[in-house]
Amino acid sequence: KKKKAQKSKIIIKQKLLGEKEELIVPECFSIIENPDETITFFNGIIQKIDKIRKEFSSYNQASRVRKILLLNMRNTKKVTGDALMYLLTIIKNTRGKRKIPIVWEGNLPADSDSKRMIHNSGYLRFMQTEKKPLTKTDEHIQIQTGQGYEYSDKATGESIDIRTKIVDFTCEKLNKNKTEINFLMTMLTEMITNIKDHAYDAKENIFDHKWYIFVENTEDRIKYTFMDNGLGIPTTIKKSAFEKLVDIVWEREYKYIESGISGLEKRSKTGQVERGNGLPSIYEQYMKGFVDKLIIISNKAYYIESEPKDLRNSLNGTIFYWEIKKEGTG
């Protein structure tokens, strides 16, 4: 009888924990380089989370029930910071105020470069699953997240202006003074201000109000990835009555980014005269040659000057990616 009771207890515990579901991460895990497959992967996870949230909202003891999701990166051969930041946004959407009973598990890629990238990015610091000491490096600005211009340093509890940190880091790596890097302060200020003005609607937004940034220092260039998890430029940009009609019959979202960066029309929904300069100001730094390879991804829009297009699937939010070449590296 004692053995039977013991077995029954184990079965109940297994049911409460739930079954483990494996999520196969794309071989090229990058929104910038492999947008359609990577966004499809993310949207699939978001749908699973929505389903779990609905299922467990009806349970009286929902806090005791767990769904285990395993992120399998074993065969992933390329990872970029944008994909890791978006994944963190989704995971954080199941914690804190939006908490639902999901246990996240995962493994690292077998590919050594991809594994190194994940360690250097600071991704594991957010996952809180690494038992070994986490990688700390001065060669990169590991993934940071915050609101406004500041984020909280977990080690010291100090509030740090992310713009100043990135400008100082860039000056050091390029051996330049702040006057020469002033354009970077302008870009970051516009990106963060635009989030506050346009990116969020409490009723519509599926993610909490945050920005993420990662700065990767390589041998010949510095790579910057900035992401906000708001509603996206094509959703929040000011549209004419004709454009709203075109949206219904012929959707071309990248056109809104093209229109926004041109600065020919004020696109700010705030109605303030001084606003609506964000995208033109960012694009101006690219046109002046201060930054290279400017990419803007928002909802279905994928903007790169040589070949702007609409993607098959929509991204929740906006990603800015750009590079600065180091002098003498070609």
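A.B. asks: Help me understand the packing of aromatic side chains in this model?
C.D. replies: What describes a pair of aromatic rings is the distance from one ring centre to the other and the angle between the planes of the rings. As enumerated under the stated definition, the model contains ten aromatic pairs in all. Judged by centre distance (4.8 Å) and plane angle (50°), the rings of Phe 42 and Tyr 86 are tilted. Taken as a pair, Phe 42 in helix H2 (residues 35–56) and Tyr 86 in helix H3 (residues 81–92) lie far apart in primary sequence, 44 residues in all. The buried category is assigned to Tyr 86, whose relative accessible area is 1%.

A.B. asks: What is the right way to read the confidence of the model for the chain from this model?
C.D. replies: Detailed reading of the predicted coordinates is not advisable wherever pLDDT is low. Residue-level pLDDT values for the chain average 82, and 77% of them are 70 or greater. Confidence drops under pLDDT 50 across residues 265–276; counting only partners more than four residues distant or on other chains, this segment forms 29 contacts.

A.B. asks: What should I look at first to understand H3 in this one?
C.D. replies: In an α-helix, one full turn covers 3.6 residues, which means residues spaced three or four apart are oriented alike. The terminal C-alpha atoms of H3 lie 16 Å apart, and with twelve residues this matches the ideal 16 Å at 1.5 Å per residue to within 8%. Most of H3 is tucked away: eleven of the twelve residues are buried. Within H3, the full set of buried residues consists of Gly 81, Asp 82, Ala 83, Leu 84, Met 85, Tyr 86, Leu 87, Leu 88, Thr 89, Ile 90 and Ile 91.

A.B. asks: Looking at this structure, I do not really get the sheet that holds strand E5 (residues 102–106). What am I missing?
C.D. replies: Pairing is parallel across the open sheet formed by three strands, whose spatial order is E1-E3-E5. Unpaired on one side and paired on the other, strand E1 (20–24) and E5 mark the two borders of the sheet. Each strand axis lies, on average, 25° off the axis of its neighbour in the sheet, ignoring direction. The sheet contact formed by E1 and strand E3 (residues 67–72) spans five bridges and is parallel. Bridging from a neighbouring strand, Lys 20 pairs with Ile 68 of E3. Against the sheet, H2 makes contact with E1, E3 and E5, and its axis sits at roughly 160° relative to E1, the strand it touches most.

Reading the values: rules and limits
Residues numbered from 1 in each chain as written. Predicted model: local features only at pLDDT ≥ 70, side-chain atom pairs only at ≥ 80, totals over all residues. Heavy atoms only, no water. Phe/Tyr/Trp six-rings, centres within 6.5 Å; stacked < 30°, edge-to-face > 60°. Helix = DSSP H or I, 4+ residues; strand = E, 2+ residues; numbered from the N terminus. Buried < 20%, exposed > 50% of the residue type's maximum accessible area, 1.4 Å probe, protein only. pLDDT = per-residue confidence, 0-100. Contact = heavy atoms within 4.5 Å. Expected span 1.5 Å × (residues − 1). Pairing = 2+ DSSP bridges. Axes fitted to C-alpha atoms, helices over the stretch in contact; angles between N-to-C directions.

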